[in-house]
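Report on the structure
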Amino acid sequence: MNHYGAFIIQTNEKKLVEGAKQGDFAAFNRLIENYRPRIFGLAVKLAKNREDAEDVFQETFLKAIDNIQKFRGESSFGTWLYTICVNVIRNKYGRSTGELLPLEEYLPRAEHGDGEHAELFDWDDPLSKLTKDELKQKINQSIMQLPLKYRTPFLLRYTEEMSVADVARTTGLTLAAAKSRILRARLAMRQSLNDYFLGERGKKNNVRL
Amino acid sequence: MSDCKELIGNLSDFIDGELDLNMCQELKKHLEGCRNCRLVADSLTKTVKLCRDGVTEDLPESLKESLNQKLQARWKAKFDKN
Ligand SMILES: [Zn+2]
């Protein structure tokens, strides 16, 4: 989007927020319209089950009504909604206790050069052999295995397309902590998918023997 | 030639375009000569792409409706007091 387009959206948003604060329900609905499916998708991936996800989804927007006067436009309205959603999850489940391994553990033990490395291979081959459903199931499973305190920043950054600064704001983390968690989550996800593809490769090769 | 292990930690930033120019040049040069790091970079890119493309959950109509009713009630309670 160019700067002018972004400017128009910001101006519109400001007007809608002012309207909503004065009791204009239609303005509030316009504000949340595009975020409903997004917040739902995120809630499904952060909650432990479907029922919780639906609760979190609805609670997020109800809390937005309760607190609309407190929204000062320091972030975009969308970022504010995500912050509410993340807080609703935190209130529901408490502090996330899970830990990922230290960074080094996820770095493939790559030796320099062009030599073959058992754990490193082109993903195009296994990807072309898996069905969409198989793949979707595995990706979901890998995401759900991430401890919540890593899963949240990872999803905000890469499926919700937030900047690292906004991820930090939304989660209440320092910039450095947000960055570190996003990276570890990404490496852990890579590892999990890589292990799976490696297993699938083994399976398919065995069938051929 | 730089050490893979040292550079590999910067791959994610490199892919996201968040690495400073010097580091970026060094990494680019390294990748040209190192198949293993290229494979890691490629799989890190695909990891994010797969998460973006693969796992969207549609918002059910019934839930949308249920939300609308709750929002309306909450809105009334908040603004129609006087
Ligand atoms: Zn290398």
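The rules behind the values
Residues numbered from 1 in each chain as written. Chains lettered and ligands numbered in written order. Predicted model: local features only at pLDDT ≥ 70, side-chain atom pairs only at ≥ 80, totals over all residues. Heavy atoms only, no water. Donors = N, O, S within 2.8 Å, 3.2 Å for Na, K, Ca; no water. Tetrahedral: all angles 85-135°; square planar, octahedral: opposite > 155°, others 65-115°. Helix = DSSP H or I, 4+ residues; strand = E, 2+ residues; numbered from the N terminus. Buried < 20%, exposed > 50% of the residue type's maximum accessible area, 1.4 Å probe, protein only. Contact = heavy atoms within 4.5 Å. Buried area = accessible area lost by both parts, 1.4 Å probe. Salt bridge = Lys/Arg side-chain N within 4 Å of Asp/Glu carboxyl O. Polar contact = N/O pair within 3.5 Å; in protein donor to acceptor, adjacent residues only side chain to side chain. Core = buried A, V, L, I, M, F, W, Y, C linked by side-chain atoms within 4.5 Å. Domains from an automatic or database assignment. Axes fitted to C-alpha atoms, helices over the stretch in contact; angles between N-to-C directions. Parallel < 35°, antiparallel > 145°, perpendicular 65-115°, else oblique. Left-handed = near helix turned anticlockwise from the far one by under 90°. Nonpolar A, V, L, I, M, F, W, Y, C, P; charged D, E, K, R; others polar. Disulfide = S-S within 2.5 Å. pLDDT = per-residue confidence, 0-100.

All names here are of chain B. Surrounding the zinc ion are the protein donor atoms Cys-4 (SG), His-30 (NE2), Cys-34 (SG) and Cys-37 (SG), which sit 2.1 to 2.4 Å from the metal. Geometry at the zinc ion is tetrahedral, judged from the four donor atoms that bind it and their angles of 100 to 115 degrees at the metal. Within one chain, the residues donating to the zinc ion are spaced in sequence as C-x25-H-x3-C-x2-C. In this pair, Cys-4 is assigned in helix α1 (residues 4–8) and His-30 in helix α3 (residues 21–33), connecting sequence segments 26 residues apart. Classification of Cys-4 by relative accessible area gives buried; the value is 2%. Of the residues examined, His-30 reaches a relative accessible area of 1% and is grouped as buried.

This brings us to the interface of chain A and chain B. Facing 59 residues of chain A, the contacting portion of chain B comprises 46 residues. Summing both sides of the interface, chain A and chain B together bury roughly 4,800 Å²; the carbon and sulfur share of this comes to 64%. Our count for the contact surface shared by chain A and chain B stands at 10 salt bridges. Lys46(B) is the salt-bridge partner of Asp124(A), the closest N and O atoms lying 2.8 Å from each other. Along the contact surface separating chain A from chain B lie 18 residue pairs in polar contact (both at pLDDT 80 or more). Counting residues per element, the ones that place at least two in the side of chain A that touches chain B are α1 (3–21), α2 (25–33), α3 (35–46), α4 (50–67), α6 (124–129), α7 (132–145), α8 (148–158) and α10 (175–208) of chain A.

With that out of the way, let us pick up the nonpolar core. The biggest cluster of nonpolar side chains holds 91 residues, and the ones touching the most others in it are Phe28(A), Phe57(A), Phe77(A), Phe197(A) and Leu71(B). Residues from two domains meet in this core; each of domain 1 (3–93) and domain 2 (103–205) of chain A gives at least three. Contact partners of Leu71(B), with chain neighbours within four places excluded, come to Phe25(A), Phe28(A), Ile32(A), Phe61(A), Leu62(A) and Ile65(A).

Residue and element names in this part refer to chain A. Their axes nearest at 8 Å, the elements α3 and α4 cross at an angle of 140 degrees. Here α3 lies oblique to α4, going by the angle between them. α3 and α4 meet at a crossing whose hand is right-handed. On α4, the residues that touch Tyr-35, Arg-36, Ile-39, Phe-40, Ala-43 and Val-44 of α3 are Arg-50, Ala-53, Glu-54, Val-56, Phe-57, Thr-60 and Phe-61. Grouping the amino acids of the contact of α3 with α4 by side-chain chemistry returns nine nonpolar, one polar and three charged.

So, on to the side chain of Lys46(B). Positionally, Lys46(B) belongs in helix α4 (residues 35–54). Of the polar contacts made by the side chain of Lys46(B), one reaches the side chain of Asp42(B); its length is 2.8 Å. If we ignore the near neighbours within four places in the chain, the residues touching Lys46(B) are Asp122(A), Trp123(A), Asp124(A) and Leu127(A).

What follows is about the state of the cysteines. Summed over all chains, the structure comprises zero disulfides over all chains. Just so you know, Cys24(B) is unpaired, no disulfide at all, and the nearest cysteine sulfur is the one on Cys37(B), 14 Å from it.

As a further point, take the domain arrangement of chain A. Residues and elements named next belong to chain A. Taken domain by domain, chain A holds domain 1 (3–93) and domain 2 (103–205). With 13 residues of domain 1 at the interface, the matching set in domain 2 holds 13 residues. Carbon and sulfur atoms make up 62% of the area that domain 1 and domain 2 hide from each other, which totals about 1,200 Å². Across the salt bridge formed by Glu-160 and Arg-38, the nearest N and O atoms sit 2.8 Å from each other. For the interface between domain 1 and domain 2, the tally reads six residue pairs in polar contact (both at pLDDT 80 or more). Put simply, the parts of the chain that give the side of domain 1 that touches domain 2 at least two residues each are α3 and α5 (77–93). A breakdown of the residues in the side of domain 1 that touches domain 2 according to their chemical character gives eight nonpolar, two polar and three charged.

Before going further, it helps to examine the packing of α3(A) against α8(A). All names here are of chain A. Contact pair α3 / α8: the axes reach a minimum separation of 10 Å and the direction vectors enclose 155 degrees. One finds that α3 runs roughly antiparallel with respect to α8. Handedness of the crossing formed by α3 with α8: right-handed. Packed against α3, whose contacting residues are Leu-42, Lys-45 and Leu-46, the element α8 presents Leu-148, Arg-151, Thr-152, Leu-155 and Leu-156 at the interface. Split into classes, the residues belonging to the contact of α3 with α8 amount to five nonpolar, one polar and two charged.

Structurally, the position occupied by Lys76(B) is in helix α5 (residues 61–79). Distance in space between the C-alpha atoms of Lys76(B) and Arg38(B) is 58 Å, their sequence separation being 38 residues.

It is worth spelling out the confidence of the model for chain A at this point. Model confidence for chain A is summarised by a mean pLDDT of 89, while 89% of its residues fall at 70 or above. Across chain A, element-level confidence peaks in α4(A) with a mean pLDDT of 98 and bottoms out in α1(A) with 81.

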